[in-house]
There are 2 protein chains.
Amino acid sequence: MTTPQDAFTPRAAGARRPTLEDVARLAGVSRAQVSLVVRGSARVSDASRERVLSACREVGYRPNLHARTLAQTESGILGVLVSDLHNPFFAEVVDGLQEGVRPAGKQLVMASGGRSPEVEREALEMLLSLHPTGVVVLGSVLADADLEELLGRGLPVPVVSVTRVVGSALVDSVSIDEAAGAELAVAHLAELGHRRITHLDGAGGAGAADRAAGYRAAMRRHGLQDRAEVCPGGFTEAAGAAAAEELLHRCGEDLPTALFVANDIAAVGVLSRLAEAGVEVPGRVSVVGFDDSWVAGSRFTALTTVRQPKLRMGLLAVAAVLERAAGRREPSRTVVEPELVVRSTTAPPARVGRGGQG
Amino acid sequence: MTTPQDAFTPRAAGARRPTLEDVARLAGVSRAQVSLVVRGSARVSDASRERVLSACREVGYRPNLHARTLAQTESGILGVLVSDLHNPFFAEVVDGLQEGVRPAGKQLVMASGGRSPEVEREALEMLLSLHPTGVVVLGSVLADADLEELLGRGLPVPVVSVTRVVGSALVDSVSIDEAAGAELAVAHLAELGHRRITHLDGAGGAGAADRAAGYRAAMRRHGLQDRAEVCPGGFTEAAGAAAAEELLHRCGEDLPTALFVANDIAAVGVLSRLAEAGVEVPGRVSVVGFDDSWVAGSRFTALTTVRQPKLRMGLLAVAAVLERAAGRREPSRTVVEPELVVRSTTAPPARVGRGGQG
DNA sequence: CTGAAAGCGCTTACAG
DNA sequence: CTGAAAGCGCTTACAG
């Protein structure tokens, strides 16, 4: 006679989760038989399958993943370390992971690093303690050395880093061709007629350095080298707003006609600061972001941006981990191609400017 | 002679994760001793602790959480089911969970439902198979009956639902006083002088019905009952945009002077549609959202909204689960208070309207 | 502190 | 199909 509430009596007081044994006893079959049924084996007669399943329901049996993993030495778990749950970029990559993982019959287990190295470290330790089939690291904030040390110790766990390229041969990576992305942004603006295109940097964020280098190269390629300018920024809205503020302060009326911002969130910060200052976008200044996360696609923002194929990056990450788990020995460095998405924050430069551009 | 790459040889080929046994052998102590050191017991001499720890490093030992849990029948894991990773609201609640869980020495393990009932169901099954200390459900999209059935089976796992109140006595809940939130929104608008305040509904989302009912009650309380109007909407930007579209179509020039929208994301959709239609906010129409997720706080949106204390809700959820795990038998229904956050999308109604409000 | 042992809940052969 | 057994990697007493 247990009421539902009795079920919550603390363990010490006797609550016990039903096991295979309980089911076997009730169904009048062997434990091995129950194990087969639970895992959906075909080598079981329909009659006994029925009895077992109904016994499972009756006692409320739920397989213990820990016991199963211990016995199998294969958890079927794919660990995902998300450095920052607030960044919509990662949510979309996780969609891709989810999609990639289903056909493989694995389960995604996530832990968040909360943008803090210590928390991330603990989360990663926990994930590794789960002895997962593999681990996907989304945008770690750990220093390269720390990350490698942490992963190096756990040995035979395939790890793939998305966004960030880790030096170690132990770690696969899936990242975007940052230089190509920067080229797309600059080319688009140059084609519209912009000559003075300033880059607001990502300040140490994953890929930011390559993005900035790509920008410089692109400016050179378009013969705009003397107009190239990189301002410190960051990957957050506040950083974007601050960078815009700094720019307004420094340039006064003589603003660049176009801004290529390190990512979408920062670009939103730029847009708001410019709006406050009464600087029209794209009338007076054009703005291009990076990522194409949903903020960019929001009709309210309607930001022209460089798309990262987030879903595909997730799929590729799963593929990399699974291959490595299956025995591939060489590290894989997958690089995906960006794509320009033109929305409403870019237009040809105003002809009536006082700065007078070429 | 194993190079780092050899570590990735598939299991079948002999890769094996180091165990307690390996460490004990290397350090020349018993397994029990290693176990004590690894768990940080004080009853170990410094000398042998040192030897053990260095052996751990040398062989790359990492405790197997599955084995530990199996032995302890306590995983120290708090499972978190996130219905939708894309909703910034949940990310902030998770921050609270993270904060609450650290002092308790537990680990957060997350799984995402991807807004799909089937995926959510599988994710929840997996979380329960981890035999966690407890489970926190953030905004389930499962039907009440399904959710209860799923949880009811797993028995002694404390479960708390955040945002959504589940009928079952088995499930604790942490939610906001929706009626009070609606009252804050309506009172704010009424004080500004608005009389025609339309509610854009959340259409079945968690809490939406109570929010709408709260709106009606508040309109009654403010003597605005005859001006009360609820339009179908939803909890997404697209739904908000569609609702605004519908409203524009139906009302023509005779728009309500204020909109109370079911949540922030939908409110952003409303703002963009209104902007496209050339309807000034707050000049012509005031808009209030719900949640105070970061989209609302964005300087670009600057949405007046009703704040849910997300961090606190996370903390309370952890507390509820832990208490229940410790033996509390009665279900707990925690209700938190909302708070009005005034930003730039609300203002007194225009006096120069052709609709002419009282 | 050590060492031997039992047990956690499963899976996996293996003989019948 | 059954039944008995070993083993996965730990923890937890317990006698020394």
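Colleague: I'm lost on the overall build of chain A in this one. Help?
Modeller: Helix and strand counts for chain A stand at 13 helices and 12 strands. What you see for chain A is a C-alpha radius of gyration of 27 Å, clearly larger than the 21 Å of a compact globule of 358 residues, by over 25%. Dimensions along the principal axes, computed over C-alpha positions, put chain A at roughly 90 × 45 × 40 Å. Partitioning the contacts of chain A with sequence separation of at least 6, the portion at a separation of at least 24 is 71%. Taken as a whole, chain A presents about 14,300 Å² of accessible surface, with 53% of it coming from carbon and sulfur.

Colleague: For this particular structure, what's the right way to read helix α3 (residues 46-59) of chain A?
Modeller: Given 3.6 residues per helical turn, the α-helix brings residues three or four places apart onto the same face. Residues and elements named next belong to chain A. Taking 1.5 Å of rise per residue, the 14 residues of α3 would be expected to cover 20 Å, and the 20 Å separating its terminal C-alpha atoms lies within 8% of that figure. Those residues of α3 that are buried are in contact with α1 (20-27) and α2 (31-38). Phi turns positive, to about 75 degrees, at Gly60, one or two residues after α3.

Colleague: Looking at this model, I keep getting lost on the relation of the copies chain A and chain B. Mind explaining?
Modeller: Mapping between the two chain copies consists of a rotation about an axis together with a translation along that axis. The transform that puts chain A on chain B rotates by 180 degrees and translates by 0.1 Å along the axis, for an RMSD of 0.1 Å. Interpreted geometrically, this transformation is the action of a two-fold axis.

Colleague: Explain the protein's contact with DNA strand C here, please?
Modeller: Lining the immediate surroundings of DNA strand C are 23 residues, of which A:Leu20, A:Ser35, B:Gln33, B:Val44 and B:Ser45 lie closest. Within 4 Å of the protein, atoms of DNA strand C come from sugar and phosphate in 75% of cases. Measuring from a base nitrogen of DNA strand C, one finds a side-chain N or O atom of A:Arg31 at 2.7 Å. A:Ser35 places a polar side-chain atom, nitrogen or oxygen, 2.2 Å from a phosphate oxygen of DNA strand C. For the surface near DNA strand C, the element with the highest residue contribution is helix α4 (residues 65-72) of chain A, accounting for 5 residues. Looking at the surface near DNA strand C residue by residue, the classes come out as 10 nonpolar, 8 polar and 5 charged.

Colleague: Can you help me understand the protein's contact with DNA strand D in this one?
Modeller: A:Gln33, A:Val44, A:Ser45, B:Ser35 and B:Arg39 are the nearest of the 21 residues found near DNA strand D. Among atoms of DNA strand D positioned within 4 Å of the protein, sugar and phosphate together represent 75%. Here B:Arg31 contributes a side-chain N or O atom positioned 2.7 Å from a base nitrogen of DNA strand D. Separating a phosphate oxygen of DNA strand D from a side-chain N or O atom of B:Arg68 is a distance of 3.1 Å. Only α4 of chain A together with α2 (31-38) and α4 (65-72) of chain B provide two or more residues apiece to the surface near DNA strand D. Per element, the largest residue contribution to the surface near DNA strand D is 5 residues, and it comes from α4(B). Grouping the amino acids of the surface near DNA strand D by side-chain chemistry returns 9 nonpolar, 8 polar and 4 charged.

Colleague: I tried to follow the nonpolar core on my own but got confused; where do I start?
Modeller: When a protein is soluble and globular, its nonpolar side chains tend to lie buried together. One finds A:Leu138 and B:Leu138 to be the most contacted residues of the largest nonpolar core, which totals 78 residues. The contact partners of B:Leu138, leaving out residues within four places of it in the chain, are B:Val80, B:Leu81, B:Val82, B:Ser83, B:Phe90, B:Val93, B:Val94, B:Leu97 and B:Val162. Formed by 44 residues, the second largest nonpolar core is a distinct cluster that contains A:Val109, A:Ala111, A:Leu150 and B:Leu127.

Colleague: Is there a simple way to think about the interface of chain A and chain B in this case?
Modeller: A common way to express how large an interface is: the accessible area buried when the components associate. Of the residues lining the interface, 76 residues belong to chain A; the matching set on chain B comes to 76 residues. Around 7,600 Å² of area is buried between chain A and chain B when both sides are counted, 58% of it from carbon and sulfur atoms. On inspection of chain A and its partner chain B, the count reaches 6 salt bridges. For B:Glu122, the salt bridge identified is with A:Arg102, shortest N-O distance 2.8 Å. Between chain A and chain B we count 20 residue pairs in polar contact (both at pLDDT 80 or more) in total. Top element by residues in the side of chain A that touches chain B is helix α11 (residues 264-276) of chain A. It accounts for 7 residues. Within the side of chain A that touches chain B, the residues separate by chemical class into 39 nonpolar, 19 polar and 18 charged.

Colleague: Could you clarify how one ought to interpret the confidence of the model for chain A in this entry?
Modeller: All names here are of chain A. Looking at chain A, pLDDT values average 88 and 92% of them are 70 or higher. Low pLDDT, under 50, characterises residues 1-14; the stretch is placed with 28 contacts to residues that sit more than four places away or in other chains. Residue range residues 353-358 is modelled with pLDDT below 50. Its contacts to residues more than four positions away, or to other chains, number 9 contacts.

Colleague: Explanation requested: the pairing of strand β3 (residues 134-138) of chain A in the structure shown.
Modeller: Note on strand geometry: in a regular strand, side chains alternate between the two faces of the sheet. By the criterion of burial, β3(A) is predominantly enclosed, with 5 of the 5 residues buried. Side chains A:Gly134, A:Val136 and A:Leu138 of β3(A) all project onto a buried face; the interleaved residues A:Val135 and A:Val137 project onto the opposite face, where all are buried too.

Colleague: Can you help me understand the side chain of A:Thr304 in this one?
Modeller: Residues and elements named next belong to chain A. One can find Thr304 in strand β10 (residues 304-307). Side-chain polar atoms of Thr304 contact the backbone nitrogen of Arg343, separated by 2.8 Å. Not counting residues within four places of it along the chain, the set of residues in contact with Thr304 comprises His188, Val287, Val288, Gly289, Val341, Val342, Arg343, Ser344, Thr345 and Thr346.

Colleague: Hey, could you run me through α1(A) in this one?
Modeller: All names here are of chain A. When α1 is considered as a whole, its buried residues turn out to be Asp22, Val23, Ala24 and Ala27. Tucked into the core, α1 has its buried residues touching α2 and α3. Gly28 lies just past α1 and shows a positive phi near 70 degrees.

Colleague: Could you clarify how one ought to interpret the sheet that holds strand β6 (residues 197-200) of chain B in this entry?
Modeller: Where strands meet in a sheet, backbone hydrogen bonds hold them as pairs that are either parallel or antiparallel. Residue and element names in this part refer to chain B. Strand order in the open sheet formed by 6 strands is β7-β6-β8-β9-β10-β12, with mixed pairing between adjacent strands. Of all the strands in the sheet, just β7 (229-231) and β12 (339-341) have a single pairing partner and so form its edges. On average, adjacent strands in this sheet sit at an angle of 25 degrees to one another, irrespective of strand direction. Relative to strand β8 (residues 258-261), β6 is paired through 4 bridges, and the arrangement is parallel. Bridged to His199 within β8 is Phe260.

Colleague: Sorry, what's going on with the environment of A:Thr69 here?
Modeller: For A:Thr69, the location among the structural elements is in helix α4. Given the relative accessible area of 6%, A:Thr69 is considered buried. In this structure, the C-alpha to C-alpha distance between A:Thr69 and A:Pro132, residues 63 residues apart in sequence, is 9.4 Å. Residues in contact with A:Thr69, not counting those within four places in the same chain, are A:Glu74, A:Ser75 and B:His66.

Colleague: Please clarify how the domain arrangement of chain A should be interpreted in this entry.
Modeller: By domain assignment, chain A separates into domain 1 (4-63), domain 2 (77-176 + 310-337) and domain 3 (178-309). Using C-alpha coordinates to define each centre, domain 1 of chain A is positioned 59 Å away from domain 3 of chain A.

Colleague: Sorry, what's going on with the pairing of strand β4 (residues 159-162) of chain B here?
Modeller: Residue and element names in this part refer to chain B. The side-chain alternation of β4 yields two buried faces, one formed by Val159 and Ser161 and the other by Val160 and Val162. In this sheet, β4 lies alongside strand β3 (residues 134-138) in parallel orientation, the contact comprising 4 bridges. Of the residues in β4, the one forming a bridge with Leu138 is Val162. Here β4 runs beside strand β5 (residues 171-176); their pairing, made up of 4 bridges, is parallel. Each residue of the ladder has a partner; that of Val160, found in β5, is Asp172.

The rules behind these values
Residues numbered from 1 in each chain as written. Chains lettered and ligands numbered in written order. Predicted model: local features only at pLDDT ≥ 70, side-chain atom pairs only at ≥ 80, totals over all residues. Heavy atoms only, no water. Helix = DSSP H or I, 4+ residues; strand = E, 2+ residues; numbered from the N terminus. Rg over C-alpha atoms; globule rule 2.2 N^0.38 Å. Contact = heavy atoms within 4.5 Å. Areas by Shrake-Rupley, 256 points an atom, 1.4 Å probe, with all protein chains shown as cover. Expected span 1.5 Å × (residues − 1). Least-squares fit on C-alpha atoms with pLDDT ≥ 70 in both. Near = heavy atom within 4 Å. Polar contact = N/O pair within 3.5 Å; in protein donor to acceptor, adjacent residues only side chain to side chain. Nonpolar A, V, L, I, M, F, W, Y, C, P; charged D, E, K, R; others polar. Core = buried A, V, L, I, M, F, W, Y, C linked by side-chain atoms within 4.5 Å. Buried < 20%, exposed > 50% of the residue type's maximum accessible area, 1.4 Å probe, protein only. Buried area = accessible area lost by both parts, 1.4 Å probe. Salt bridge = Lys/Arg side-chain N within 4 Å of Asp/Glu carboxyl O. pLDDT = per-residue confidence, 0-100. Pairing = 2+ DSSP bridges. Axes fitted to C-alpha atoms, helices over the stretch in contact; angles between N-to-C directions. Domains from an automatic or database assignment.

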